[in-house]
Number of protein chains: 2
Amino acid sequence: MKIKIKKIDYLPARQVTFSKRRRGIFKKAGELSILCESEVAVIIFSQTGKLFDFSSSSTKDVIARYNSHIGGEKSDQPTIHQLQLEKENNIRLRKELEDKSCKLRQMKGVDLEDLDLDELQKLEKLVEASLGRVIQTKEEKIMSEVMALEKKGAELIEANNQLSHRMVMYPRGDIGPEAILELENLNNIGEESVTSESTTNVTTCSNSSLSLEDDCSDILSLKLGLP
Amino acid sequence: MKIKIKKIDYLPARQVTFSKRRRGIFKKAGELSILCESEVAVIIFSQTGKLFDFSSSSTKDVIARYNSHIGGEKSDQPTIHQLQLEKENNIRLRKELEDKSCKLRQMKGVDLEDLDLDELQKLEKLVEASLGRVIQTKEEKIMSEVMALEKKGAELIEANNQLSHRMVMYPRGDIGPEAILELENLNNIGEESVTSESTTNVTTCSNSSLSLEDDCSDILSLKLGLP
DNA sequence: GGACCTATGTTTAGAAG
DNA sequence: GCTTCTAAACATAGGTC
């Protein structure tokens, strides 16, 4: 599959696709009704609430036939007002989302055609500043990891020394097998599990992939060695 | 067209085609509803009278919506189901919005504390690439503006030459006041209104400010001179 | 919005199980 | 009715006008 079946973020592209695919479905529906002598109706509401429908005969007729098949019963009156409220809420959220998507795409450096020079200049400064902060944060993180590792290393050396000291004080036989195991473990820790802390995934976003096309999954790993 | 769109005479072939194409249409309908966030219902009665239907939400709801669109007659039944749907929609939108906001903030280089080294590294690459694209777009824009201005300048010089020529041919009295005005205007245009085109604001986003805290409104202006 | 284009990727007729 | 296979037909993303 080349394109992913998920909401198209970019509004103009979404509109074009809607129009093309809608016509495609209507065409297929018409073909099916003729090829197989069946009765077909397609009802589509665009995101903006506009109605598009197609039917081999009459949409109303097909709906009537549908209703009689189902066994038309009606009920429930949960206050039309409430529904109205939810819908308004919905519209507002959609607008906000559209706006955020647009800004996010611009921050990613795509769909910049409609920006004028001033706006491009501002955007550049913004992205530049962002890059600076990202790099700084990254370096701080690296430094703190390095320091943590140094501290750990120092502790290990200290522990090692103390153990060696005990070995001298009790040359043989007097230390139990537990003490020997302890020493071996400490030596291993110092050399292997250095990046263990950085593999903890914190998922503040529900989907933390910030990739441009939502599918570039190149893994960049940073290896740290002890100084 | 290889196959003619006309009733398939051979019953077994017709049945197979019916099944295949029916599923094809349902799939396309589902894709359309997701890609373009629209509400879709497809109702099909086979030749034998069997009902097949597909809907992005609920065929009944779509039919209810269809009926209210066609003419508010019949009965407005908001159907508790519809309300439920709107509420779910609402929750989904809120989540999407939260997610987009989070990603946007990260793209802006804030709230990076919870990212691990790997994620920071990826983010850096992303922002870096974005910066490259922004700069490229800006430079392309500048180049096209400069070229437009050069062209304009050349045209003005040419016009000026022609007018000077006319001045020589009709030394005095013979040119009317209109011609003099024309000449003066041309001279002014050449020196002053150079950046007029870059001040056109195109607002693709409802709010095109991409500032970090939504309040830093430093204006950066780029002045272009004729070469 | 629509009409056209071209390079993909997708669907499907026809056959067989 | 379903699946699977193939080549061929078709739809459509992403352009342009």
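Residues numbered from 1 in each chain as written. Chains lettered and ligands numbered in written order. Predicted model: local features only at pLDDT ≥ 70, side-chain atom pairs only at ≥ 80, totals over all residues. Heavy atoms only, no water.

In the annotation of an unreviewed UniProt entry, the entry for chain A reads Dormancy-associated MADS box 1 protein, and the organism field reads Malus domestica. Quoted verbatim from the Subcellular location (unreviewed entry) field of the UniProt record, the comment on chain A reads "Nucleus". (UniProt positions renumbered as here; feature names shortened; annotations may be inferred.)

Novice: Explain a positive patch on the surface residue by residue, including any values.
Specialist: Together, Lys27(A), Lys28(A), Lys27(B) and Lys28(B) make up a region of like positive charge exposed at the surface. Among the secondary structure elements, those contributing two or more residues to the positive patch are α1 (11-35) of chain A together with α1 (11-35) of chain B. Mapped onto the elements of the fold, Lys28(B) is located in helix α1. With relative accessibility at 36%, the residue Lys28(B) sits in the partly exposed group. (Patch = residues over 30% accessible without salt bridge, like charges linked within 9 Å, V, L, I, M, F, W, Y side chains within 5 Å. Areas by Shrake-Rupley, 256 points an atom, 1.4 Å probe, with all protein chains shown as cover. Salt bridge = Lys/Arg side-chain N within 4 Å of Asp/Glu carboxyl O. Lys, Arg positive; Asp, Glu negative; His and termini not counted. Charge placed at Lys NZ, Arg CZ, Asp CG, Glu CD. Helix = DSSP H or I, 4+ residues; strand = E, 2+ residues; numbered from the N terminus. Buried < 20%, exposed > 50% of the residue type's maximum accessible area, 1.4 Å probe, protein only.)

Novice: I'd love a proper account of the protein's contact with DNA strand D, names of residues and values included.
Specialist: Taken together, twelve residues form the shell around DNA strand D, and within it Thr17(A), Lys20(A), Arg21(A), Lys27(A) and Ser19(B) come nearest. Each atom of DNA strand D within 4 Å of the protein was classed as base or backbone; sugar and phosphate made up 77%. Contacts to DNA strand D include Thr17(A), whose side-chain N or O atom sits 3.2 Å from a phosphate oxygen. One nitrogen or oxygen atom from the side chain of Lys27(A) is found 2.8 Å from a phosphate oxygen belonging to DNA strand D. At six residues, α1(A) tops the list of elements feeding residues into the surface near DNA strand D. Here the surface near DNA strand D is built from residues that sort into two nonpolar, four polar and six charged. (Near = heavy atom within 4 Å. Polar contact = N/O pair within 3.5 Å; in protein donor to acceptor, adjacent residues only side chain to side chain. Nonpolar A, V, L, I, M, F, W, Y, C, P; charged D, E, K, R; others polar.)

Novice: I'd like a rundown of the sheet that holds strand β1 (residues 39-45) of chain B, residues and numbers included.
Specialist: Taken in spatial order, the four strands line up as β2(A)-β1(A)-β1(B)-β2(B) in an open sheet, and their pairing is antiparallel. Looking at which strands have only one partner, the edges of the open sheet turn out to be β2 (51-55) of chain A together with β2 (51-55) of chain B. Neighbour-to-neighbour, the strand axes of the sheet open up by a mean angle of 5°, direction not taken into account. As judged from the five bridges shared by strand β1 (residues 39-45) of chain A and β2(A), these two strands associate in the antiparallel manner. Pairing of Ala41(A) across the sheet is with Ser55(A), part of β2(A). In the packing of helix α2 (residues 59-70) of chain B onto the sheet, the strands contacted are β1 and β2 of chain A together with β1 and β2 of chain B, and the crossing angle to β1(A) comes to about 75°. (Pairing = 2+ DSSP bridges. Axes fitted to C-alpha atoms, helices over the stretch in contact; angles between N-to-C directions. Contact = heavy atoms within 4.5 Å.)

Novice: Which residues make up helix α4 (residues 117-169) of chain B, and what values go with them?
Specialist: For α4(B), which comprises 53 residues, the first-to-last C-alpha distance of 78 Å matches the rise-based estimate of 78 Å (1.5 Å per residue) to within 8%. One side-chain oxygen at the N-terminal end of α4(B) lies 3.0 Å from the backbone nitrogen of Asp118(B); it belongs to Asp116(B). (Expected span 1.5 Å × (residues − 1).)

Novice: Which residues make up the packing of helix α4 (residues 117-169) of chain A against α4(B), and what are the values?
Specialist: It is the contact of α4(A) with α4(B), at a shortest axis distance of 9 Å, that shows an interaxial angle of 160°. Relative to α4(B), the element α4(A) is oriented roughly antiparallel. In this structure, the crossing between α4(A) and α4(B) has a hand that is left-handed. For the contact of α4(A) with α4(B), the residue count by class is 16 nonpolar, six polar and ten charged. (Parallel < 35°, antiparallel > 145°, perpendicular 65-115°, else oblique. Left-handed = near helix turned anticlockwise from the far one by under 90°.)

Novice: Explain the packing of helix α3 (residues 80-107) of chain A against helix α3 (residues 80-107) of chain B to me, and be specific about the residues and the numbers.
Specialist: Taken N-terminus to C-terminus, the directions of α3(A) and α3(B) make an angle of 25°; their axes are 9 Å apart at the nearest point. With respect to α3(B), the axis of α3(A) lies roughly parallel. When you trace α3(A) past α3(B), the crossing you get is left-handed. For the contact of α3(A) with α3(B), the per-class residue count stands at ten nonpolar, eight polar and 13 charged.

Novice: Could you give an account of α2(B), naming the residues involved and the relevant values?
Specialist: Relative to the 16 Å expected for twelve residues at 1.5 Å per residue, α2(B) spans 16 Å between its end C-alpha atoms, a close match to the ideal helical length. Packing partners of the buried residues in α2(B) comprise β1, β2 and α2 (59-70) of chain A together with β1, β2 and α3 of chain B.

Novice: Tell me about the nonpolar core, residues and numbers included.
Specialist: Nonpolar side chains in soluble globular proteins tend to end up buried together. Residues Leu32(A), Val42(A), Ile44(A), Leu32(B), Val42(B) and Ile44(B) are the most contacted members of the largest nonpolar core, which totals 24 residues. Elements supplying a minimum of two residues to this core: α1 and β1 of chain A together with α1 and β1 of chain B. Ignoring sequence-local partners within four residues, the contact set of Leu32(A) consists of Glu37(A), Ser38(A), Val40(A), Phe18(B), Arg21(B), Arg22(B), Ile25(B) and Ile44(B). With 20 residues, the next largest nonpolar core counts Leu104(A), Leu115(A), Val134(A) and Leu126(B) among its residues. (Core = buried A, V, L, I, M, F, W, Y, C linked by side-chain atoms within 4.5 Å.)

Novice: Account for the pairing of β1(A), with residues named and values stated.
Specialist: Two faces belong to every sheet, and in a regular strand the side chains alternate between them. With seven of seven residues buried, β1(A) lies mostly within the body of the structure. Burial along β1(A) is two-sided: Glu39(A), Ala41(A), Ile43(A) and Phe45(A) facing one way and Val40(A), Val42(A) and Ile44(A) facing the other are all buried. Sheet topology note: the β1(A)/β1(B) ladder contains seven bridges and is antiparallel. Along β1(B), the bridge assignment pairs Val40(A) with Ile44(B).

Novice: For the packing of aromatic side chains, give the residues involved together with the corresponding values.
Specialist: Two measures describe an aromatic ring pair: the distance that separates the ring centres and the angle between the ring planes. On inspection of all chains with the given rule, the structure shows four aromatic pairs over all chains. Seen in terms of ring centroids, Phe26(A) and Phe54(A) are 5.6 Å apart; in terms of plane orientation they differ by 25°. Their pairing is stacked. Of this pair, Phe26(A) sits in helix α1 while Phe54(A) sits in strand β2, and the two are 28 residues apart along the sequence. Take Phe26(A): its relative accessible area is 15%, and that puts it in the buried class. The interplanar angle of 65° and the centroid separation of 5.5 Å between the aromatic rings of Phe18(B) and Phe52(B) together place this pair among those described as edge-to-face. One end of the pair, Phe18(B), is in helix α1; the other, Phe52(B), is in strand β2, with 34 residues separating them in the sequence. (Phe/Tyr/Trp six-rings, centres within 6.5 Å; stacked < 30°, edge-to-face > 60°.)

Novice: Tell me what's going on with the pattern of salt bridges, and back it up with residues and numbers.
Specialist: This structure, assessed with the given rule, holds 20 salt bridges over all chains. Salt-bridge contacts for Arg105(A) lead to Asp111(A); the nearest nitrogen and oxygen are separated by 2.7 Å. Classification of Asp111(A) by relative accessible area gives partly exposed; the value is 24%. Put simply, Arg65(B) and Glu39(B) hold a salt bridge, and the shortest N to O gap is 2.4 Å. Within this pair, whereas Arg65(B) is found in helix α2, its partner Glu39(B) is found in strand β1, the two being separated by 26 residues in sequence. Several salt bridges share partner residues, and in doing so they unite Lys7(A), Arg94(A), Glu37(B), Arg92(B) and Glu96(B) into one network.

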